[in-house]
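Examination of the molecular architecture
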Amino acid sequence: MFNSTLKQLSGLLARKQLSSVELTQSCLDRIARLDPGLNAFLTIDAERSLVQARAADARIAAGRAQALTGIPVAHKDIFCAAGWRTTCGSKMLANFVSPYDAHVVEQLDAAGAVILGKTNMDEFAMGSSSETCFFGPVKNPWDTSRVPGGSSGGSAAAVAARMAPAAIGTDTGGSIRQPAAFTGICGLKPTYGLVSRYGMIAFASSLDQGGPMAKSAEDLALMLNVMAGFDARDSTSLERPAEDYTRALEAPDHARTLAGLRIGVPKEYFGDGVNGDVAAAVEAALVQFEKLGAQRIGVSLPNSGLSVPAYYVIAPAEASSNLSRFDGVRYGYRAPEYGDLADMYAKSRAQGFGAEVKRRILIGTYVLSHGYYDAYYLKAQKIRRLIAQDFVEAFKQCDLIMGPTAPSVAFGLGSMSSDPVQMYLNDIYTTAANLAGLPAMSIPCGFGEGGMPVGLHLTGDYFAEARMLQAAHQYQLATDWHLRQPAGVE
Amino acid sequence: MSLTLPEVKRVAWLARIEITDAEAAATQSHLNGIFKLIEQMQSVDTGGVEPMAHGQDVVQRLREDRVTETDRHALYQAIAPQVEDGLYLVPRVLE
């Protein structure tokens, strides 16, 4: 059951071979057994989850079930859910119980899905290793001496250890895709504007996007069907007709199911930056796609090396503005002792935020400050345009772009946490999609050093999610990397 | 470019984050490492390039001018650090 896809679980629920209460309870039992060694969950509320499961069972009995009705889904602790403690991995929000639901949470609730719990993450989603969390680091289920990636590391570990059939995460610079790669699961960052940011605690608003994390491309499609949709409360939510992302999964019935698909392979993604084990697994995946009929085309993204520098100006700038709301007045942490109002702000923020969050607020404050705006923020926005233009040119020659999700497999806990720059360079292949607003995903494509999973990164043109999911699904019909699970969590 | 210690302290003040001398020194070294990475941007000619604020060309939507929100004052204040008579309490600003 724990290895079943969402479609299989949905079938079991529909045929009454399994109830949502049974499924939810067995996930909760598995969390109780495995999570003490992984720290993937920050909040479990069995009673609350089971109330939803009972409602789902009633709905199934009444014949009103949808694809996700009765399915337990783990929520990254950045999504506000009414009545649930929502911490964003921070001391600042350690006691924050959300008074309302995020749009994504409403959508999942309307579909009858069950909230299985809130997952651990880098504080305010700032990190690539899930080590900056106030509540302790998440461990990688494949090797607990290594990180699961970040910032959605708890959601990734929950799915990888088969504690949750699926999870939701957010991706500002790779926070869904890199942990998916590090833990051998699938993760999708949709086109910017497809999933509402309402109730998703803001990090960098022009980059943040929620998305699904699951075991297969097919499961991602089922999740995205529910998560995507217009919401007037997010000023950048896109008004467009609803799509069925599963519609194109099944290809025409012949051996070369991806005939006609042009895969762009950027030469910049295979330079000195990528480790040999990762490059070899990605190369093997590209050969597999060619066997399925796809054509490989060399492309160039000449400004891709600038995506990390531009990202680490734009994201902290937006973060410094977004996080100014945490001032100890209306909600969140307030220092126990202070003098005047300014002192209350400064002490509450100094004590409530962790080191990485403070660093990013300081970078953002500096680049937006008088005299530096043009040299940093405006310059970064111009480079953002150049990066987006590179993709426009590349997509004239190809349908999808493929490469590695991260330069290495999951690294050791503590091995990079003392050097922020080294940590930031992990985002080299993922930040460009956020800057351009393009959809991108990671799927497992083999194993590298230490038997750790390697992720294949796919980038599509705007709104090409269905095309990307089809290519990934066809690859997964021909391979079994996505079915492998860590040995320690049997 | 590199930030001096007084600049680090000034930025921390602008960001309303209290910082000790020891923290400021460690922060200075981290920030300068990060700015070294960021400086790579300066090697690129961006003359004539239009800045890009967003992945999508979106404009602010207009809506009908009518009340859409209900009063959830009590619910929202229930999670505030300190309230009294429906007001948020902070240290006195005016004498």
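These numbers were taken from a predicted model, which means no experiment stands behind them. (Residues numbered from 1 in each chain as written. Chains lettered and ligands numbered in written order. Predicted model: local features only at pLDDT ≥ 70, side-chain atom pairs only at ≥ 80, totals over all residues.)

Here we take up the overall build of chain B. Within chain B, the secondary structure is distributed over three helices and two strands. Along the chain direction, N to C, the helices and strands of chain B fall in the order α-α-α-β-β. A compact globule built from 95 residues would reach a C-alpha radius of gyration of about 12 Å, whereas chain B, at 23 Å, exceeds it by more than 25%. Counting only C-alpha atoms, chain B reaches 55 × 45 × 25 Å along its principal axes. When the 95 residues of chain B are sorted by exposure, 16% land in the buried category. (Helix = DSSP H or I, 4+ residues; strand = E, 2+ residues; numbered from the N terminus. Rg over C-alpha atoms; globule rule 2.2 N^0.38 Å. Buried ≥ 20, exposed ≤ 12 C-beta atoms within 10 Å, placed from the backbone.)

This next bit is on the overall build of chain A. Counting its regular elements, chain A contains 15 helices and eleven strands. In terms of overall size, chain A behaves like a compact globule, its C-alpha atoms giving a radius of gyration of 21 Å where 490 residues would be expected to give roughly 23 Å. Oriented by its inertia axes, the alpha-carbon framework of chain A measures out at about 75 × 55 × 45 Å. Here chain A holds 490 residues, and the buried ones make up 61% of them. In chain A, the proportion of contacts linking residues at least 24 apart, taken out of those at least 6 apart, comes to 76%. (Contact = placed C-beta atoms within 7 Å.)

Burial analysis of helix α7 (residues 217–227) of chain A places eleven of its eleven residues in the buried class, which makes it a mostly covered element. Directly after α7 of chain A, the chain includes Gly229 of chain A, whose backbone phi takes a positive value near 145 degrees.

As a further point, take the interface of chain B and chain A. With 39 residues of chain B at the interface, the matching set in chain A holds 55 residues. For the side of chain B that touches chain A, the elements supplying multiple residues, two or more each, are α1 (5–14), α2 (21–38) and α3 (73–77) of chain B. The dominant element in the side of chain B that touches chain A, judged by the number of residues it contributes, is α2 of chain B, at seven residues. In terms of residue class, the side of chain B that touches chain A is made up of 26 nonpolar, nine polar and four charged. (Nonpolar A, V, L, I, M, F, W, Y, C, P; charged D, E, K, R; others polar.)

Residue and element names in this part refer to chain A. Residues Val73, Ala158, Val159, Ala164, Ala166, Met213 and Val313 are the most contacted members of the largest nonpolar core, which totals 167 residues. If you tally residues by element for this core, the top one is helix α9 (residues 307–322), at nine residues. Residues within four places of Val159 in sequence aside, it is in contact with Ala164, Ala166, Ala167, Ile185, Met213, Ala214 and Lys215. (Core = buried A, V, L, I, M, F, W, Y, C linked by C-beta atoms within 7 Å.)

Here we take up the sheet that holds strand β4 (residues 166–171) of chain A. Residues and elements named next belong to chain A. If you trace the eleven strands from one edge of the open sheet to the other, you get β1-β3-β2-β4-β6-β5-β10-β11-β9-β7-β8, paired in mixed fashion. Of all strands in the sheet, those with a lone pairing partner are β1 (41–43) and β8 (295–299), marking the two edges. Each neighbouring strand pair of the sheet contributes to a mean axis angle of 35 degrees, computed without reference to strand direction. For strand β9 (residues 400–404) and strand β11 (residues 453–460), the ladder comprises five bridges, and the chain directions are antiparallel. Of the residues in β11, the one forming a bridge with Met402 is Leu458. Across the sheet, helix α8 (residues 276–291) touches β7 (262–266), β8, β9, β10 (440–447) and β11, and the angle it forms with β10 is around 105 degrees. (Pairing = 2+ DSSP bridges. Axes fitted to C-alpha atoms, helices over the stretch in contact; angles between N-to-C directions.)

Attention now goes to the environment of Leu438 of chain A. Residues and elements named next belong to chain A. If you trace the backbone, Leu438 turns up in the loop between α14 (431–436) and β10. Judged by the 23 C-beta atoms lying within 10 Å of it, Leu438 is buried. Considering only alpha carbons, one finds Leu438 and Tyr462, 24 residues apart in sequence, at a separation of 5.3 Å.

Okay, α2 of chain B next. Compared with an ideal rise of 1.5 Å per residue, which puts 18 residues at 26 Å, α2 of chain B spans 25 Å between its outermost C-alpha atoms and is within 8% of the ideal. Turning to α2 of chain B, its buried residues are Thr27, His30, Leu31, Ile34, Phe35 and Ile38 of chain B. Down the axis of α2 of chain B, the sector holding all buried residues measures 140 degrees, keeping them to one side. Facing away from the buried side of α2 of chain B by more than 90 degrees, the exposed set consists of Asp21, Ala22, Ala25 and Ser29 of chain B. Taken together, the buried residues of α2 of chain B touch α9, α11 (355–368), α12 (374–394) and α13 (420–424) of chain A together with α1 of chain B. (Expected span 1.5 Å × (residues − 1). Arc of directions from axis to C-beta.)

Turning next to the packing of α9 of chain A against α2 of chain B. Viewed as axis vectors pointing N to C, α9 of chain A and α2 of chain B meet at an angle of 125 degrees, and their least axial separation amounts to 8 Å. Regarding the angle of α9 of chain A to α2 of chain B, the classification is oblique. Mapping the contact onto sequence places Val308, Pro309, Tyr312 and Val313 of chain A in α9 of chain A and Ile34, Leu37 and Ile38 of chain B in α2 of chain B. The class makeup of the residues in the contact of α9 of chain A with α2 of chain B is seven nonpolar, no polar and no charged. (Parallel < 35°, antiparallel > 145°, perpendicular 65-115°, else oblique.)

Right, let's get into unusual backbone geometry. All names here are of chain A. Residues Gly150 and Ser151 are joined by a peptide bond in cis, for which omega reads 10 degrees. For Phe124, which is not glycine, the phi torsion reads 50 degrees and is therefore positive. On the secondary structure map, Phe124 appears in the loop between β3 (114–119) and α5 (153–160). Residue Phe124 is classed as buried on the basis of its C-beta count, with 30 C-beta atoms lying within 10 Å.

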